[in-house]
Amino acid sequence: METESEPYVRLATLRQLHRVVAELNTARSLADTLQTVVDGIVVGLGYELACVNLVRPDGDLVVAAFAGDPAAEALITGRVGSRASWERRLTMGENWDGLRFIPHTEGWVLMEDDVPQWHTDGPDPRFEDEWHPEDRLYAPMYASGGELLGVISVDRPRNGRRPGAWGREALQMYAFQAAIAISNARLRANMQRALVRLEREQQALRASEESFRQAFEYAPSGMAIAEMGGDQHGRLLRTNDALCRLLGRPASVLRRYSFSDLVHPEDIGTLLRTSAEGGRAELRLGRRDGTYVWVSLRNSVVADAADGPRFLLTHVEDIEERKRHELQLAHRASHDSLTGLPNSAELRARLGARLCRRPQSVRASAIEALDAAFEGRDGYDGHAAHGGHAAGGGHAAHAGHDGHPVGAEAGGAGEHGFHTDGPDRYPGADPFEFPGAPPAPSDGPYDHHVHTVAPATDIDDGTKGLAVLFCDLDGFKSINDRFGHHTGDAVLIEVARRLTTGVRDGDTVARLGGDEFVVLADGLGAADAADLAVRLRNAIIPPIRVDGRAVRVGASFGIGWASCGMSADEVLRSADQRMYIEKRSRSKAHRRAG
């Protein structure tokens, strides 16, 4: 900028300065803004050379734009000067109201530092304010918070003189406006990068959502999204075609339900115990036709970064076929392959489930337990208790229902005389324990176990119990030997059918092995069991036709009774022994006749 007789300045010069300042805000990018800054200095402020040294994120300054000399621009653009070297320069020389002027008399010490430099040779100044080629003038640019943005470096004023007061003020004002323009350009660049990044993220999100939608909709197994929390917790929001086909319901109908509305009543507890995140369960869901299908549920939570968990994603896999195979395998393991009846293991399991380890006859009532608790204490010596008389230190021996002693002499009283029943009462091996029996229930007034009892004699006294009818076929071996195993198997199948038809729905008919069958019938008296044995024998003796041939077998029945304190093997052995007694009591011909 030419300096007239300051402080007077031509109007055209002010207009030129205004124009270059206005152009600072027209650039569209940060690079364009930086180039506009140096071009404005050369065009509007009257310097032949100008460059902008921009602060990088690491603090060093890089030559970001250059104007005035293409050779110098090619040489130093992009080169970097350390922050320490620049801070040294900005503290040297003369401070011109924010500008920093380093005359050539002091600047020679900077020739070897790492700041990019460009100098031209020239003669020494002839007068005091003449510009020397090695003079340096810097205009620092600061952000609104005082942070250094960069430094404008100018060289070789066109009038050959150091700038006066007006030139200094113009350069300082221009540096201030340039800092604003650079800050705005950086902000726009950051916003543009953020917008680009946001657009990419949105595109990725849309792609992810589309991928999820396709995976959800076209998954070969059922998928469902359910609501989490609130009044509508568990309500199905979205289901795929596979789940709709599996349950036979359209998606519009399924949105009215939750899984708790569709689950089998027996499986509701399993569903409620299944956790939301990573929970797995196998249960039955209802179809539209009223049937149920076995499915495997796997849960996962679809989380929202702002609101936390929002939806429950459930994968529903049809396992009906696998469950059918499992049930078939379990049935094969517990049932006879020929007749389809429960086998020996299943029979013993069902029988053992009704028995406990303690015989009913040795259990004290609630009142007897209280009496036993106070035996031997002060005031009770010499008193009789429930049929027993005090003896030996005041301890009474209670007579049980069958006459067995119950009390201290039976090992049931502790140090303080409290009656102790249960496992601790029988140290060492428990004489009433047997394999396959369930643990003994707690004794006393809170014992909820329904004890199995047996009639005292074969005479019907009104006692109802669990009758065990042991059946052995008469004449079966001769049929098997004469006509072959095929005929023998057909006879066994028909006998099994007749036995099953002749009992109640809740009774059990099992094949023990060979030609032996067992019937478990609960709630019978002695006369009822005898009548049942007769009816079953009469059902067996009619001829059985196999391949056009009629064959006959008879049957011998032994009636045993299950009661607590017995093992399943003991019960079966007792019924077996009674069967042989009954078989021997009848002639062979009579046995074949039934």
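Throughout, a residue's number is its position along its own chain's written sequence, starting from 1. The predicted origin of the model limits local features to residues at a pLDDT of at least 70 and limits the giving and counting of side-chain atom pairs to 80 or more, whereas totals for whole chains, interfaces and linings rest on all residues. Calculation of side-chain values draws on the structure's entire complement of heavy atoms; hydrogens and water are dropped beforehand.

Draft legend 1. Broad picture of the overall build of the chain. Working definition: helices are DSSP H or I runs of at least four residues, strands are E runs of at least two. Numbering for both runs from the N terminus. Counting its secondary structure elements, the chain contains 18 helices and 20 strands. Only protein chains enter the accessibility calculation, which uses a 1.4 Å probe; a residue is then buried when its area is under 20% of its type maximum, exposed when over 50%, and partly exposed in between. Buried residues in the chain amount to 42% of all 594 residues. Here, residues are in contact when the closest pair of their heavy atoms is within 4.5 Å. Restricting to contacts in the chain with at least 6 residues of sequence separation, those with at least 24 account for 59%. Accessible surface area values rest on a Shrake-Rupley calculation with a 1.4 Å probe, where residue burial reflects the displayed protein chains alone. By element, 52% of the accessible surface of the chain is carried by carbon and sulfur atoms, the whole surface being about 31900 Å².

Draft legend 2. Summary view of the pattern of salt bridges. Only one rule defines a salt bridge in this text: a Lys or Arg side-chain nitrogen within 4 Å of an Asp or Glu carboxyl oxygen. Under the counting rule described, the total for this entry stands at 31 salt bridges. Here Asp474 ties to Lys583 by a salt bridge, and the two come within 2.2 Å at their closest N and O atoms. Taken as a pair, Asp474 in strand S15 (residues 465-474) and Lys583 in helix H17 (residues 568-584) lie far apart in primary sequence, 109 residues in all. With a relative accessible area of 12%, Lys583 lands in the buried category. With a closest N to O distance of 3.2 Å, Arg537 and Glu582 form a salt bridge. Linking Arg537 in helix H16 (residues 526-540) with Glu582 in helix H17, this pair joins segments that are 45 residues apart in sequence. Neither Arg537 nor Glu582 differs from the other in exposure class; each is buried.

Draft legend 3. Region of the structure containing helix H2 (residues 30-44). Here H2 spans 21 Å end to end across 15 residues, near enough to the 21 Å set by a 1.5 Å rise per residue. Of the positions making up H2, those classed as buried are Thr33, Leu34, Thr36, Val37, Val38, Gly40, Ile41, Val42 and Gly44. The first or second residue beyond H2 is Gly46, which carries a positive phi of 85°. Here a helix's expected span is defined as the number of its residues, less one, multiplied by 1.5 Å.

Draft legend 4. Examining the side chain of Ser334 more closely. The topology assignment puts Ser334 in helix H11 (residues 320-334). Polar contacts, as counted here, are pairs of nitrogen or oxygen atoms within 3.5 Å of one another; within protein the pair requires one atom able to donate a hydrogen and one able to accept it, and residues that are adjacent in sequence qualify only if both atoms are side-chain atoms. Here Ala330 takes part through its backbone oxygen, which lies 2.9 Å from a polar atom of the side chain of Ser334. A distance of 2.9 Å separates the side chain of Ser334 from the side chain of His335, its partner in a polar contact. Apart from residues no more than four positions distant in its own chain, Ser334 is found in contact with Pro342, Asn343 and Glu346.

Draft legend 5. Spotlight on the sheet that holds strand S1 (residues 47-55). Strand pairing is assigned whenever DSSP detects at least two bridges linking the two strands. On the basis of which strands lie adjacent, the open sheet formed by 7 strands has the order S3-S2-S1-S7-S6-S5-S4 and antiparallel pairing. Two strands close off the open sheet at either side, each with one partner strand: strand S3 (80-81) and strand S4 (94-96). Bridge count for strand S6 (residues 136-142) against strand S7 (residues 148-157) is 6 bridges, and the pairing is antiparallel. When the sheet's bridge partners are listed, Met141 is paired in S7 with Gly150. To define axes, lines are fitted to C-alpha atoms, for helices over the stretch in contact only, and angles between the resulting N-to-C directions are given on a 0 to 180 degree scale. Lying over the sheet, H2 contacts S1, strand S2 (61-67) and S7, oriented at roughly 155° with respect to S1. Packed on one face of the sheet, helix H6 (residues 165-217) meets S1, S4, strand S5 (99-102), S6 and S7 and runs near 40° to S6.

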